[in-house]
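Summary of the model geometry
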Amino acid sequence: MNVKQKHQPAEVRMERDLIGESDASSVGSKRLVLARVAQGSHWVGDGFPVQSLFAYHEPIAKDVSPFLLFDYAAPRSFRPTADRRGVGEHPHRGFETVTIVYAGEVEHRDSAGGSGKIGVGDVQWMTAGSGVVHEEFHGTEFSRQGGLLSMAQLWVNLPAEHKMTKPRYQEILAANIPTVQITEKTRGRVIAGALQDVRGPAQTFTSLNVWDLRTADADHWTLDFAPGHTATIAVLEGEVTVADQRLGPAGLFVLGRDGSSIAIQTSGEAKVLVLSGAPIDEPIVGHGPFVMNTQGEIRQAMLDYQSGRMGHLS
Ligand code: MN
């Protein structure tokens, strides 16, 4: 996606100040740092009406690291058209974009030669690294027929030492994403990292997890996290309760780094995306589609883009 439109700071509906000293414990329950529902939405290009669940300029950036941004497009019906809906040619540098399709089809093309069409359950993991120019559109066939589109896009930070890595494109098809049965009613697709020792297919630069969870009915279960990992739970559909706070669609629970587990409860069918990982505690300086560590690196990124050093779409 492109952040030409400024992300509206989501309204905080419930924010809980932590009381008391952290015991820096790596065992026990993680604590809730923030619970809120995203307010409002904006269009990314003319194809993706998204709610911003979080963005890296917010105070919670250190609690969601290594994730920088989370845009969610809830299911929305599009009429058949011969036009291309989406975002035309734009650059990225310094991080990865991860696109998860829940309904419909998304097509991508980039200046490093990566391209593909991803459908329901598929994931595109693009490492912008030193820089790519790409475009993101609804699938041609999907546009012609019309229908429901729903997707999520995550921006995943790269540590300073890998920000200028060679661009890479991983197309991860649903068939290659393993599923873990967590309870009788709840299962999780492991897109990246590991869940209950089942490893996901995404290759990543730092230790992180992306779990796509579905529950068929009211249920409760516990998730475990590696010591020191951040953990964020996004409610995409249904109602989910964490630490006595109940949130509906576009709800976000951000947990602290301490502790190793969290209890989750659903009141019915639900769709949840869980993000966790080893935080990258380095300065974040972002400008539009570039996220680096210093202002100088941002200026360099703009120069490199303008002079064509990030390539062009053929
Ligand atoms: Mn993009």
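Before reading on, note that the structure itself is shown above.
A few points on the structure.

Next up on the list: the pattern of salt bridges. Overall, the coordinates contain 13 salt bridges when judged by the stated rule. Here Asp-281 ties to Arg-257 by a salt bridge, and the two come within 2.8 Å at their closest N and O atoms. Pair noted here: Asp-281 is in the loop between strand 25 (270-277) and strand 26 (285-287) and Arg-257 is in the loop between strand 23 (251-255) and strand 24 (261-266), with a separation of 24 residues, a long-range link. Judged by its relative accessible area of 57%, Asp-281 falls in the exposed class. When salt bridges that share partners are traced, they join Arg-84, Arg-109 and Glu-135 into one network.

The next point concerns the packing of aromatic side chains. With the rule as written, the count across this model stands at six aromatic pairs. When the ring of Trp-211 is compared with that of Phe-225, the centres are 5.7 Å apart and the planes differ by 20°; the resulting orientation is stacked. Of this pair, Trp-211 sits in strand 18 (residues 208-215) while Phe-225 sits in the loop between strand 19 (219-224) and strand 20 (230-237); the two residues are 14 residues apart in sequence, bridging distant segments of the chain. Phe-225 carries the same exposure label as Trp-211, and that label is buried. Over the face of the ring belonging to Phe-137 we find Arg-84, whose NZ or CZ atom lies 3.9 Å from the ring centre.

Across the two faces of strand 9 (residues 115-118) the burial differs, with Gly-116 and Ile-118 buried and Ser-115 and Lys-117 not buried at all. Here strand 8 (residues 106-110) runs beside strand 9; their pairing, made up of four bridges, is antiparallel. Across the sheet, residue His-108 finds its bridge partner in strand 9, namely Gly-116. Connecting the antiparallel pair strand 8 and strand 9 is a turn made up of four residues, with Gly-113 showing a positive phi of about 95°.

Thresholds, definitions, all that
In this convention, every chain numbers its residues from 1, walking through the sequence in written order. It should be noted that, the model being predicted, local features are given only for residues of pLDDT at least 70 and side-chain atom pairs only at 80 or more, the latter also being counted only at that level, while totals for whole chains, interfaces and linings use all residues. Remark: hydrogens and water are excluded; side-chain values derive from all non-hydrogen atoms of the structure. Salt bridges are counted wherever a side-chain nitrogen of Lys or Arg sits within 4 Å of a carboxyl oxygen of Asp or Glu. Only DSSP runs of H or I covering at least 4 residues are called helices, and only runs of E covering at least 2 are called strands; the numbering of each starts at the N terminus. Summary of the burial criterion: residues with accessible area below 20% of their type's maximum are buried, those above 50% are exposed, and those between are partly exposed, where the area comes from a 1.4 Å probe applied to protein chains only. The rule is short: rings of Phe, Tyr and Trp, with Trp giving its six-membered ring, pair when the centres are within 6.5 Å, and they are stacked under 30 degrees, edge-to-face over 60, tilted in between. Whether a charge sits over a ring comes down to the Lys NZ or Arg CZ being within 6 Å of the ring centre and within 35 degrees of the ring normal. DSSP calls a pair of strands paired once it identifies at least 2 bridges connecting them.

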